[in-house]
Amino acid sequence: MKFSMNEHGFTGHLPFGELHVSTNEEYGFRPYQLLVSSLAICSAGIIRKVLDKQRMPAEDIEVEVKEIVRVAEEADRVSKVHLHFRIKGDINEAKMPRVMELTRKNCSMVRSVENSIEVVESYELI
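Thresholds applied
- Residues numbered from 1 in each chain as written.
- Predicted model: local features only at pLDDT ≥ 70, side-chain atom pairs only at ≥ 80, totals over all residues.
- Heavy atoms only, no water.
- Helix = DSSP H or I, 4+ residues; strand = E, 2+ residues; numbered from the N terminus.
- Buried < 20%, exposed > 50% of the residue type's maximum accessible area, 1.4 Å probe, protein only.
- Contact = heavy atoms within 4.5 Å.
- Areas by Shrake-Rupley, 256 points an atom, 1.4 Å probe, with all protein chains shown as cover.
- Pairing = 2+ DSSP bridges.
- Axes fitted to C-alpha atoms, helices over the stretch in contact; angles between N-to-C directions.
- Phe/Tyr/Trp six-rings, centres within 6.5 Å; stacked < 30°, edge-to-face > 60°.
- Lys NZ or Arg CZ within 6 Å of the ring centre and 35° of its normal.
- Parallel < 35°, antiparallel > 145°, perpendicular 65-115°, else oblique.
- Left-handed = near helix turned anticlockwise from the far one by under 90°.

**Concerning the overall build of the protein chain**
Summing up its helical and strand segments, the protein chain has three helices and six strands in all. Sequence-ordered secondary structure for the protein chain, helices as α and strands as β, is β-β-β-α-β-β-α-α-β. Projected onto the principal axes, the alpha-carbon positions of the protein chain cover approximately 50 × 35 × 25 Å. Counting all 126 residues of the protein chain, 31% fall into the buried class. Of all intrachain contacts in the protein chain linking residues separated by at least 6 positions in sequence, the fraction that spans at least 24 positions is 55%. Of the accessible surface of the protein chain, which amounts to about 8300 Å², a share of 51% is contributed by carbon and sulfur atoms.

This is the structure:
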């Protein structure tokens, strides 16, 4: 992974393609958006794996970021993210607390920020 400076920010040269990052979202993804996206997609991917292992494959998983709290006095750091998962499939609701527990335990992105960002997860089965 390599990033090079451009007129409006940086361009990441990654195996899948280029990633444009800027503090101005007219020119690329803002860094906090990438952070939150990493938390959301990592968690959703783990939910998918856990449901598959429990023989309850999801037909679809949608993640909505319900809340992002940033602390202006601390360089606008992200202090809280609320992720809401809408899960479609033949899912046993009684098993969902364990699914969510395993997701939190096994999501590397959530684990990476666990002492600095409060990550709240909620879900609904549709």
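**Considering the sheet that holds strand E3 (residues 17–21)**
The three strands are arranged E1-E2-E3 in an open sheet whose pairing can be described as antiparallel. Taken across any chain shown, the strands that pair with only one partner, and hence form the sheet edges, are strand E1 (2–5) and E3. Averaged over neighbouring strand pairs, the angle between their axes works out to 25° when direction is ignored. As paired elements, E1 and strand E2 (residues 10–14) share four bridges and run antiparallel to each other. In the sheet register, Ser4 faces E2, and the bridge partner there is Thr11.

**Side note on the packing of aromatic side chains**
Evaluation of the coordinates by the stated rule reveals zero aromatic pairs. Across the ring face of Tyr32, the terminal group of Arg70 is positioned such that the distance to the ring centre comes to 4.2 Å.

**Focus on the pairing of strand E5 (residues 77–88)**
The element E5 is extensively covered by neighbouring structure, given that nine of its twelve residues are classed as buried. Bridge count between strand E4 (residues 60–71) and E5: eleven bridges; the pairing is antiparallel. Across the sheet, Glu64 pairs through a bridge with His84, a residue of E5. Linking E4 to E5, which pair antiparallel, is a turn of five residues; within it Ala75 sits at a positive phi near 60°. Across eight bridges, the pairing between E5 and strand E6 (residues 118–125) is parallel. Pairing of Lys80 across the sheet is with Glu118, part of E6.

**Examining the packing of helix H1 (residues 31–53) against helix H2 (residues 96–106)**
Running from amino to carboxyl end, H1 crosses H2 at an angle of 130°, the nearest separation of the two axes being 9 Å. By the angle between their axes, H1 is oblique relative to H2. The element H1 and its partner H2 pack so that their crossing is right-handed. Along its contact with H1, which presents Ser43, Ile46, Ile47, Val50 and Leu51, the element H2 presents Met96, Val99, Met100, Leu102, Thr103 and Asn106.

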